[in-house]
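Each chain, letter by letter, is given below.
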Amino acid sequence: MSSLEQNQRASFDTLLRPHLDRLYRLSFRLAGSKPEAEDLFQDVLVKAFARLDDLLDVREPGPWLCRVMYNHFIDNRRRIRRARLVCVEESQLPGQSLDSLPGDLDPVRDAERLDDIMRLGQALATLSDEHRLVILLHDIEDYKLAEIHQITGDPVGTIKSRLHRARARLREALGTDGTNSRP
Amino acid sequence: MTCTQLTEKLDDYVDGLMDRAESATLGAHIENCNDCHQVLARAQGLRASLKAYGKSSLPRPDATFFDRALARAAHTGIRRQRNRWVMTGAGGTIAAGLVLWMLGGMFLKTPEIVAPAMPSIVMTLEEPRTLNLVFSSATTLANATMTVVLPQGVEVVGFAGQREITWITSLAEGKNILPLTLIATSPEGGELMATLRHEGDDRTFRVQVSIIS
């Protein structure tokens, strides 16, 4: 590897590393399963390397990378064959365990919480892709409306009303009173 | 504020998007309205459940996944770069020779020899063909400038209407290939000139392009 290539590699590493965790989370939220998320993540890193010169000029690489990922996902949606964002397979993945919940050493309560969360996952799965994505980004991943605008390119007002409708649909899916309590 | 108005504005309230005065008005209503108090509690409960769902549903990548992904991306990117641009130099001097051939065709000039006479190629009108320029040298070069000047009636595919194209590139050690996909748009033809510059040194290669209908 030439010194130029070594420099490129080092710049790429330094520039990307602080954003990898969030990028991975977005990848999973978009793709919906670990193998597909990892493929999407890898594709975007390859794209980012090819555009390293652009990336070096970007003031905020985080949103830039997220937008590249989002666009790549949209362009390759059929190929990626996005699974439901909540599926049986996911429940078997690392992280889907009581350890990751705010446990209080009460096994019964923890089990109830897990049950609630699984019901929530099922309710999310009934939403359209558009509604599910906006809830996942805003309410789960804590993206601001302006950040979602940076990623998707949709106007903030559109995102806000979409979020409002998505929450209403989710409440409907969870029950007529909008609660997530067990029957 | 009515209960209906509150329902419409509840998302903004929970998201903290209201100004202080409006938020205070809504808060005061909730204090005095049991139904709205419950609606708010349910909205906040749902938000908390979503957060918990988020934590529980996200798998963690393997410990080395990020390192491997970065390495793979760099490896792929560098390999593609090498395939795209190929050139060389020696101690800052652009040396060696130029080889030309057409894809699927034969060598037009002997490799590794600076052409004493101008090589030539024949193109058919409106038929794209790839001309590969091969530069050989001993060491790598950074920030070299490549300029291609096209004859009348010949374009590089993707650069319609441009007679001269310049870009910065780097050269790897060994053989480097620059593929130029050309198309003849009119029967003029003439001299194609490729100039490589690096730190005051330059080399120009010329190819005679003839076009047949």
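Note that the structure is predicted; figures quoted are calculated from it, not measured. (Residues numbered from 1 in each chain as written. Chains lettered and ligands numbered in written order. Predicted model: local features only at pLDDT ≥ 70, side-chain atom pairs only at ≥ 80, totals over all residues. Heavy atoms only, no water.)

Undergrad: Where do I start with the interface of chain B and chain A in this structure?
TA: How large an interface is tends to be reported as the accessible area lost when its parts come together. Counting from both sides, the interface comprises 41 residues of chain B and, opposite them, 54 residues of chain A. Buried surface at the junction of chain B and chain A, both sides included, amounts to about 4,200 Å², of which 63% is carbon and sulfur. Joining chain B to chain A, the criterion identifies seven salt bridges. Two residues, A:Asp142 and B:Lys51, come together in a salt bridge whose shortest N-O distance is 2.9 Å. (Contact = heavy atoms within 4.5 Å. Buried area = accessible area lost by both parts, 1.4 Å probe. Salt bridge = Lys/Arg side-chain N within 4 Å of Asp/Glu carboxyl O.)

Undergrad: What exactly am I supposed to notice about helix α2 (residues 20-32) of chain B here?
TA: Residues and elements named next belong to chain B. Spanning 13 residues, α2 covers 19 Å between terminal C-alpha atoms, matching the ideal 18 Å at 1.5 Å per step. When we look at burial in α2, the residues that qualify are Leu26, Gly27, His29 and Ile30. Buried residues in α2, looked at end-on, bunch into an arc of 160°, giving them a common side. Exposed residues pointing more than 90 degrees away from the buried face of α2 are listed as Arg20, Ala21, Glu31 and Asn32. Buried residues belonging to α2 abut α1 (3-15) and α3 (34-57). (Helix = DSSP H or I, 4+ residues; strand = E, 2+ residues; numbered from the N terminus. Expected span 1.5 Å × (residues − 1). Buried < 20%, exposed > 50% of the residue type's maximum accessible area, 1.4 Å probe, protein only. Arc of directions from axis to C-beta.)

Undergrad: Could you clarify how one ought to interpret the pattern of salt bridges in this entry?
TA: Two side chains carrying opposite charge are able to pair once their charged atoms lie near each other. All names here are of chain A. Scanning all chains against the criterion turns up 21 salt bridges over all chains. In this structure, Glu130 and Arg162 form a salt bridge, with 3.7 Å as the shortest nitrogen-oxygen distance. With Glu130 in helix α9 (residues 129-140) and Arg162 in helix α11 (residues 156-174), this residue pair connects regions lying 32 residues apart in the sequence. Look at Glu130 and you get partly exposed, because its relative accessible area is 46%. With its nearest N and O atoms 2.8 Å apart, the salt bridge here joins Asp139 to Arg167. In this pair, Asp139 is assigned in helix α9 and Arg167 in helix α11, connecting sequence segments 28 residues apart. A relative accessible area of 0% places Asp139 in the buried class.

Undergrad: When you look at the nonpolar core in this model, what are you seeing that I'm missing?
TA: Buried together is how nonpolar side chains tend to be arranged in soluble globular proteins. Formed by 58 residues in total, the largest nonpolar core has its most connected members in A:Phe12, A:Phe41, A:Leu45, A:Ile135 and A:Leu170. For this core, the leading source of residues is helix α3 (residues 34-50) of chain A, giving eight residues. Not counting residues within four places of it along the chain, the set of residues in contact with A:Ile135 comprises A:Leu124, A:Leu127, A:Ile140, A:Leu163, A:Ala166, A:Arg167, A:Leu170 and B:Leu50. B:Leu131, B:Leu178, B:Val207 and B:Val209 belong to the second-largest nonpolar core, a separate cluster that totals 24 residues. (Core = buried A, V, L, I, M, F, W, Y, C linked by side-chain atoms within 4.5 Å.)

Undergrad: What is the right way to read the side chain of B:Ser186 from this model?
TA: Residue and element names in this part refer to chain B. Counting through the fold element by element, Ser186 comes out in the loop between β7 (174-184) and β8 (190-198). For Ser186, a relative accessible area of 17% translates into the label buried. Polar side-chain contacts of Ser186 include one of 2.2 Å to the side chain of Glu188. Ignoring any residue separated from it by four or fewer positions in sequence, one finds Ser186 in contact with Leu125, Gly153 and Ile211. (Polar contact = N/O pair within 3.5 Å; in protein donor to acceptor, adjacent residues only side chain to side chain.)

Undergrad: Even after reading the chapter, I still don't get empty space enclosed by the protein, so can you show me in this structure?
TA: If you roll a probe as big as a water molecule over the atoms, it shows you where there is empty space left. Applying the stated criterion across every chain, the model contains one cavity of 30 Å³ or more. Space inside the largest cavity adds up to approximately 30 Å³. In this structure, the largest cavity is lined by A:Asp139, A:Arg167, A:Arg171, B:Ala43, B:Leu46, B:Arg47 and B:Leu50. Counting only elements with at least two residues in the lining of the largest cavity, the list comes to α11 of chain A together with α3 of chain B. If one sorts the elements of the lining of the largest cavity by residue count, α3(B) sits on top with four residues. Residues belonging to the lining of the largest cavity are distributed by class as follows: three nonpolar, no polar and four charged. (1 Å grid on protein atoms, 1.4 Å probe; cavity = no way out; pocket = protein on both sides within 12 Å on 5 of 7 lines; lining within 4 Å. Points joined across faces, edges and corners; volume = space filled by probe spheres on them. Nonpolar A, V, L, I, M, F, W, Y, C, P; charged D, E, K, R; others polar.)

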